[in-house]
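Coordinate inspection notes
So the chains spell out like this:
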Amino acid sequence: MAEAGSFADRVKQQADIVRVIGEYVQLKKAGQNYRGLCPFHSEKSPSFNVHPTRQIYHCFGCGVGGDVFKFVMEMEKCPFPEAIRVVAEKCGIAVPAPRERSPEERRENQQRALIIEMHRVAQSFFTKNLENTAEGKVARAYLEDRGLTKAVIEQFGIGYAPSGGDILLRQLKTKYPDKLLVESGLISRDQNGNRLFDRFRRRITFPIANESGKIVAFGCRALGDDMPKYLNSPETPIYSKSNVLYHLDRAKDALRRSDFAILVEGYMDAIAVARAGISNVVASCGTALAEPQIKLLSRFTHRVIVNYDPDTAGQTATERGISLLLEQDFEVRVLALPGKADPDKFIREQGKDAYIKLLKESPPYVDYLIARARRMDLTTGEGKRNAVNFLLPYVQKIPNRLLRSEWATRIAQQLRLDEPVLRAEISKAAAERRDQIKLKPELIGRSAKPAERRIIRMLAEAESFRLELAYQINEAQLHVGLETEKILAALLAPVLAGEPVQATEIGARLDSTDRRILFEILFEDSNELTWEEAESCIEALKHRRAERELAEVQRGIEANPSGPDLRTLLERKQHLMKRLAASR
């Protein structure tokens with residue numbers, strides 16, 4: 001029996017029984033479970049079943065069954081302590097040096113059991129205070145204002161810690177020694193070490209349970225202006241925040257049924273999503289997502305939709321979480337709610353149907369990251385290199401080579417980079433295990449396309465028709481948004497003014513990168529410049545502008561605008577697609 005808070009209990013929580021047994025038995029998915037030929041008796045039809053949610057196995061042929069430790073004990077013919085070590089090593093968990101349990105360790109196990117008992121007492125105390133006191137009435141009003149009904153409050157065990165400094169202490173002190181009270185995290189000691197007092201005061205309490213449903217900690221929100229706004233239990237003998245996911249004890253079955261998890265930041269977000277009828281939601285309790293939490297989640301699914309708060313801290317947490325999830329081979333999508341709303345606020349204001357719709361349309365993580373990269377300064381080579389370096393560590397974690405190639409194409413298109421150069425650099429960085437490219441800024445995505453190069457040459461040299469060419473480009477603003485926009489603008493000005501085009505004067509007004517491109521073009525060998533070619537180049541620029549506009553329209557559609565706006569965008573999309581088809 002793995003005692004709560006013990007090393008065996010931690011191993012059991014993080015172990016994936018399907019993965020462990022899969023090393024001994026060839027398992028195949030069968031509904032929500034896995035099935036294979038029993039290793040304990042001879043059979044031709046598989047009757048050996050593994051239940052990933054309950055983390056148990058059972059053979060309906062010979063009747064054997066148990067947990068992951070029992071299976072390893074039977075297969076390896078080893079005692080329980082050795083089975084713990086074997087499972088831990090298979091799951092990458094550091095195993096402490098083996099030694100016999102000392103009297104002190106036995107006392108620690110007894111203390112863990114008492115601390116769990118203390119948390120049950122505290123939970124009952126908090127819920128009664130919410131229901132039966134004047135302070136609790138104020139807290140209930142706050143919760144009701146946040147949309148929580150009495151049934152929801154009871155379902156999630158929400159309570160209230162009163163403002164008095166020692167009310168819970170007085171209840172616990174009669175049964176538990178002072179040292180254990182402090183170790184439980186429920187009671188604190190003042191700086192002088194003389195006085196004990198309740199850790200949680202004038203706060204709404206959210207019980208935090210481990211995977212088996214035992215309450216091991218509390219997350220508490222200040223009811224007034226007290227700081228900090230949120231105060232959680234400290235690390236204790238039964239609670240380590242990096243090993244617990246809020247709501248996992250209730251979400252386990254739903255995670256297996258749906259085969260994906262919604263990952264949010266806080267208690268209220270998880271409760272709001274669960275109230276919307278989406279039970280497969282877990283929260284990282286407002287702390288940075290940790291590797292043990294991901295390994296715990298991987299026992300139930302390898303698909304996650306990250307829906308953290310949209311503020312700066314939330315974006316940073318999202319990006320860090322994506323990286324950790326990818327390292328554990330998760331399929332990751334990201335839901336960034338509009339209006340900078342967190343899940344709780346969005347569902348209260350827009351309704352659960354609107355949330356579910358956005359959830360279904362949440363983009364793969366690379367699309368989310370590309371959108372983040374597009375907010376960077378992409379007007380310079382240095383800026384584009386920074387954007388690629390922001391994306392590169394994530395792209396390198398894509399295990400499938402073909403998928404990685406597809407994302408490289410999308411990044412090149414979205415950031416307007418030179419695709420062959422980008423592919424070469426990604427491959428080189430991957431081979432050298434670098435998470436940054438070494439490409440010089442002026443070389444990334446700054447080589448002018450053929451049509452642009454010919455137009456630059458024409459504006460500089462085709463005296464017979466360059467005025468008409470400049471007029472058409474300027475009238476339709478075809479140069480806006482191009483890599484060579486600044487070069488073309490510098491050439492258009494003197495041509496439209498009827499002034500001579502002096503390459504050295506124009507070059508002097510450009511930055512070093514654009515000046516290099518200008519003179520590179522002017523020194524190229526050139527065929528005869530004709531108006532027919534000029535018209536062809538103009539059509540090429542119109543086609544490229546339509547493609548850019550279509551991409552912008554598509555992003556507008558994916559942002560889920562209101563009905564009239566959506567119809568306008570769809571009509572515009574249809575028009576652009578017809579125009580592009582006609583110009584091919």
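Structure: see above.
In what follows, the accompanying structure is described. This is a predicted model, so every value here is computed, not measured.

The helix and strand inventory of the chain stands at 26 helices and 15 strands. Along the three orthogonal principal directions, the C-alpha set of the chain runs to about 100 × 65 × 45 Å. Relative to its 584 residues, the chain shows a buried fraction of 47%. Across the chain, the fraction of contacts at a sequence separation of at least 24, relative to all contacts at a separation of at least 6, is 63%. About 29,100 Å² of surface is accessible on the chain, with carbon and sulfur atoms providing 50% of the total. Charged side chains in the chain number 90 positive and 81 negative. The centres of these two groups are separated by 5 Å.

As a further point, take the sheet that holds strand S14 (residues 303-306). Pairing between sheet strands relies on hydrogen bonds along the backbone, with the strands arranged either parallel or antiparallel. In space, the four strands of this open sheet follow the order S13-S12-S14-S15, with parallel pairing throughout. The two strands at the open ends of the sheet, each matched to only one other strand, are strand S13 (281-283) and strand S15 (331-334). When strand polarity is set aside, the average angle formed by the axes of neighbouring strands in this sheet is 30°.

Reading across the sheet, the five strands line up as S1-S2-S3-S4-S5 and stay open at both edges, with antiparallel pairing between neighbours. Looking at the sheet topology across the chains shown, the edges are occupied by strand S1 (28-30) and strand S5 (65-66). Sheet topology note: the strand S4 (residues 56-59)/S5 ladder contains two bridges and is antiparallel. If you follow Tyr57 over to S5, its bridge partner there is Gly66. Along the sheet, helix H3 (residues 68-76) makes contact with strand S3 (48-51), S4 and S5, crossing S4 at roughly 55°.

Tallying each qualifying case throughout the model produces 16 aromatic pairs. Here the aromatic rings of Tyr230 and Tyr267 are separated by 6.4 Å at their centres, their planes lie at 50°, and the arrangement is tilted. Placement of the pair is Tyr230 in strand S11 (residues 230-232) and Tyr267 in helix H11 (residues 267-275), with a sequence separation of 37 residues. Tyr230 sits in the partly exposed class, given a relative accessible area of 37%. Looking at Tyr267, the relative accessible area reads 4%, which means it is buried. Taken together, the ring pairs in this structure connect Tyr24, Phe40, Phe48, Tyr57 and Phe71 into an aromatic cluster. Between the NZ or CZ atom of Lys29 and the centre of the ring of Tyr34, over which it lies, the distance is 5.4 Å.

Every buried residue of H3 is listed here: Val68, Phe69, Phe71 and Val72. Taken down its axis, H3 places every buried residue within 160° of arc, on the same side. Where the residues of H3 are buried, they touch helix H1 (7-14), helix H2 (17-22), S3, S4 and helix H4 (80-90). Of the residues that open H3, the one with a side-chain oxygen 3.2 Å from the backbone nitrogen of Phe69 is Asp67. One or two positions beyond H3, positive phi appears at Lys77, with a value near 50°.

One ladder, built from three bridges, connects strand S12 (residues 261-264) with S14; its direction is parallel. When the sheet's bridge partners are listed, Leu263 is paired in S14 with Val306. Note that S14 and S15 share four bridges and pair parallel. The residue bridging Val306 from the neighbouring strand is Val334, located in S15.

Further remarks concern the pattern of salt bridges. Here the structure, examined in full by the defined rule, presents 22 salt bridges. The shortest N-O distance in the salt bridge between Arg170 and Asp166 comes to 2.7 Å. With relative accessibility at 52%, the residue Arg170 sits in the exposed group. Of the residues examined, Asp166 reaches a relative accessible area of 32% and is grouped as partly exposed. Of the charged contacts in the structure, one is a salt bridge between Arg544 and Glu452, with a shortest N-O distance of 2.7 Å. Of this pair, Arg544 sits in helix H25 (residues 531-558) while Glu452 sits in helix H20 (residues 450-461); the two residues are 92 residues apart in sequence, bridging distant segments of the chain.

Glancing now at helix H22 (residues 485-496). Helical periodicity: at 3.6 residues per turn, an α-helix aligns residues three or four positions apart in one direction. With 12 residues, H22 extends 16 Å between its outermost C-alpha atoms, agreeing within 8% with the 16 Å of an ideal straight helix rising 1.5 Å per residue. For H22, the set of buried residues is Ile487, Leu488, Ala490, Leu491, Leu492, Pro494 and Val495. Those residues of H22 that are buried lie in contact with H20, helix H21 (466-476), helix H23 (503-508) and helix H24 (512-522). Where H22 terminates, the next one or two residues include Gly498, which has phi positive at roughly 75°.

With that settled, consider unusual backbone geometry. In this model, His247 sits at a positive phi of 80°, which is unusual for a non-glycine residue. Looking at where His247 falls in the secondary structure, it is placed in the loop between S11 and helix H10 (248-258). The class for His247 is buried, based on a relative accessible area of 4%. Residues other than glycine seldom take positive phi values, yet Gln477 does so here, at roughly 50°. For Gln477, the location among the structural elements is in the loop between H21 and H22.

Here is what the cut-offs are and how they apply
- Residues numbered from 1 in each chain as written.
- Predicted model: local features only at pLDDT ≥ 70, side-chain atom pairs only at ≥ 80, totals over all residues.
- Heavy atoms only, no water.
- Helix = DSSP H or I, 4+ residues; strand = E, 2+ residues; numbered from the N terminus.
- Buried < 20%, exposed > 50% of the residue type's maximum accessible area, 1.4 Å probe, protein only.
- Contact = heavy atoms within 4.5 Å.
- Areas by Shrake-Rupley, 256 points an atom, 1.4 Å probe, with all protein chains shown as cover.
- Lys, Arg positive; Asp, Glu negative; His and termini not counted.
- Charge placed at Lys NZ, Arg CZ, Asp CG, Glu CD.
- Pairing = 2+ DSSP bridges.
- Axes fitted to C-alpha atoms, helices over the stretch in contact; angles between N-to-C directions.
- Phe/Tyr/Trp six-rings, centres within 6.5 Å; stacked < 30°, edge-to-face > 60°.
- Lys NZ or Arg CZ within 6 Å of the ring centre and 35° of its normal.
- Arc of directions from axis to C-beta.
- Polar contact = N/O pair within 3.5 Å; in protein donor to acceptor, adjacent residues only side chain to side chain.
- Salt bridge = Lys/Arg side-chain N within 4 Å of Asp/Glu carboxyl O.
- Expected span 1.5 Å × (residues − 1).

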